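Here are the chains, one letter per residue:
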Amino acid sequence: MLYGIPVEETLSEDAMKKIKEEEAKKNVREVSLMNILQGSNHIVTIYDFGIIPGESTTDVLILMELLTSVSHYVRNGGADREFVIKLGIDICKALESCEKEKIIHRDIKPDNIFVNKEGDFKLGDFGLSRKMSQSVSVSLRKTKGTPIYMPPEAYQWGQK
């Protein structure tokens, strides 16, 4: 299934192979960017990963530290003032680590922020991330991110 459509009914075998390869490359790129950031206390730690090709999909399995999503944590325990302040500080530290390595995350939202048992917040899901060295015209031409979390200048590309 690809977006709910049986791919064997809509795509040629070559087209399907190309999609699987591109998806696998994207996931490997995500893991490689996260590996660059390993050692930062506020970036999700990845221990290992593997690519498993299938008939209609390519799965990438990522072995990472056990964390809880912020969305789940808030639903089950609430968020007081100290929680929000610590979240802001920790995610700013994560973004500082990204900046040092010239990585742009491009998808900061609650679903991509996690908390560990000690109450430290960590940034994960680097699927839309890019190195700053990539061509600006290529990386900015296509709108990337989750629309409700995007700044207006990214969402309304080309408008003042």
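Our structure's up above, just so we're on the same page.
How each quantity is defined
In this numbering scheme, every chain counts its residues from 1 along its sequence in written order. Owing to the predicted nature of the model, reporting of local features is limited to residues with pLDDT of at least 70; listing and counting of side-chain atom pairs is limited to 80 or more, with chain, interface and lining totals taken over all residues. Side-chain metrics rest on all non-hydrogen atoms present in the structure, leaving aside hydrogens and water. Secondary structure follows DSSP: runs of H or I at least 4 residues long count as helices, runs of E at least 2 residues long count as strands, and numbering of each begins at the N terminus. For the exposure calls, accessible area comes from a 1.4 Å probe over protein chains only, and a residue counts as buried if that area is under 20% of its type's maximum, exposed if over 50%, partly exposed in between. In what follows, a contact means two residues having at least one pair of non-hydrogen atoms within 4.5 Å. Areas reported as accessible are Shrake-Rupley estimates using a 1.4 Å probe. Residue values count occlusion only from the protein chains shown. Multiplying one less than the number of residues by 1.5 Å gives the expected span of a helix. Between any two strands, at least two bridges found by DSSP are needed for them to pair. A pair of Phe, Tyr and Trp rings is counted when the ring centres sit within 6.5 Å of each other, with Trp represented by its six-membered ring. The angle between the planes then sorts it: under 30 degrees is stacked, over 60 is edge-to-face, the rest tilted. The definition of a polar contact used here is a pair of N or O atoms within 3.5 Å, where within protein one atom must be able to donate a hydrogen and the other to accept one, and adjacent residues in sequence count solely through side-chain atom pairs. Note that patches include only residues with greater than 30% relative accessible area and no salt bridge, and the join distances are 9 Å for like charges and 5 Å for nonpolar side chains (Val, Leu, Ile, Met, Phe, Trp, Tyr). When a carboxyl oxygen of Asp or Glu lies within 4 Å of a side-chain nitrogen of Lys or Arg, that pair is called a salt bridge. Put simply, a nonpolar core is a bunch of buried Ala, Val, Leu, Ile, Met, Phe, Trp, Tyr and Cys residues held in one set by side-chain atoms that sit within 4.5 Å of each other.

S.K.: When you look at the overall build of the chain in this model, what are you seeing that I'm missing?
M.R.: When helices and strands are counted, the chain shows six helices and seven strands. When burial is assessed residue by residue, the chain has 31% of its 160 residues classed as buried. Contacts in the chain between residues far apart in sequence, at least 24 positions, make up 58% of those at least 6 positions apart. Here the chain displays about 10,800 Å² of accessible surface, and carbon together with sulfur accounts for 55% of that area.

S.K.: How should I be thinking about helix H2 (residues 13–36) in this particular structure?
M.R.: The first and last C-alpha atoms of H2 sit 35 Å apart over 24 residues, in line with the 34 Å expected at 1.5 Å per residue. Turning to H2, its buried residues number three or more, namely Met16, Lys20, Ala24, Asn27, Glu30, Val31, Leu33 and Met34.

S.K.: Just checking my understanding: could you explain the sheet that holds strand E3 (residues 68–69) for this structure?
M.R.: Pairing between the strands of a sheet is mediated by backbone hydrogen bonds and can be parallel or antiparallel. Taken in spatial order, the three strands line up as E3-E5-E6 in an open sheet, and their pairing is antiparallel. This sheet does not close on itself; its edge strands, each paired only once, are E3 and strand E6 (121–123). Bridge analysis of E3 against strand E5 (residues 113–115) gives two bridges, and the strand direction is antiparallel. In the strand pairing of E5, threonine 68 is matched with valine 115.

S.K.: Could you clarify how one ought to interpret the packing of aromatic side chains in this entry?
M.R.: Between two aromatic rings, the relevant description is the distance of the centres plus the angle of the planes. Across all of its chains, the model carries two aromatic pairs by this definition. When the ring of tyrosine 73 is compared with that of phenylalanine 83, the centres are 5.5 Å apart and the planes differ by 10 degrees; the resulting orientation is stacked. With a gap of 10 residues between them, tyrosine 73 in helix H3 (residues 70–77) and phenylalanine 83 in helix H4 (residues 81–100) connect regions that are remote in the sequence. Among the residues examined, phenylalanine 83 registers a relative accessible area of 12% and is labelled buried. Between phenylalanine 83 and phenylalanine 121, the ring centres sit 5.1 Å apart and the planes meet at 85 degrees, which makes this aromatic pair edge-to-face. One end of the pair, phenylalanine 83, is in helix H4; the other, phenylalanine 121, is in strand E6, and 38 residues separate them in sequence. Pair check on accessibility: phenylalanine 83 and phenylalanine 121 agree, each one buried. Three or more aromatic residues joined by ring pairs form one cluster here, namely Tyr73, Phe83 and Phe121.

S.K.: I would appreciate a short explanation of the side chain of aspartate 90 in the present structure.
M.R.: With respect to the secondary-structure elements, aspartate 90 resides in helix H4. The class for aspartate 90 is buried, based on a relative accessible area of 3%. Within the local environment of aspartate 90, its side chain forms a polar contact with the backbone nitrogen of phenylalanine 121, the two atoms lying 3.0 Å apart. Beyond its immediate sequence surroundings of up to four residues, aspartate 90 is in contact with His42, Gly119, Asp120 and Phe121.

S.K.: What is the right way to read a nonpolar patch on the surface from this model?
M.R.: Together, Phe49, Ile51, Ile62 and Met64 make up an exposed nonpolar region whose accessible area comes to about 310 Å². Taken together, the elements giving at least two residues each to the nonpolar patch come down to strand E1 (46–53) and strand E2 (58–64). Positionally, isoleucine 62 belongs in strand E2. When its relative accessible area of 35% is taken as the criterion, isoleucine 62 is described as partly exposed.

S.K.: How should I be thinking about the nonpolar core in this particular structure?
M.R.: Ranked by internal contacts, the top residues of the largest apolar core, which has 21 residues, are Ile43, Leu87, Cys98, Ile113, Phe121, Leu123 and Phe126. Where this core is concerned, the elements lending two or more residues are H2, H4, E5 and E6. Broken down by element, the residue count for this core peaks at five residues, all from H4. Residues within four places of cysteine 98 in sequence aside, it is in contact with Leu37, Ile43, Ile103, Leu123 and Phe126.

Keep in mind these values describe shape, not function.
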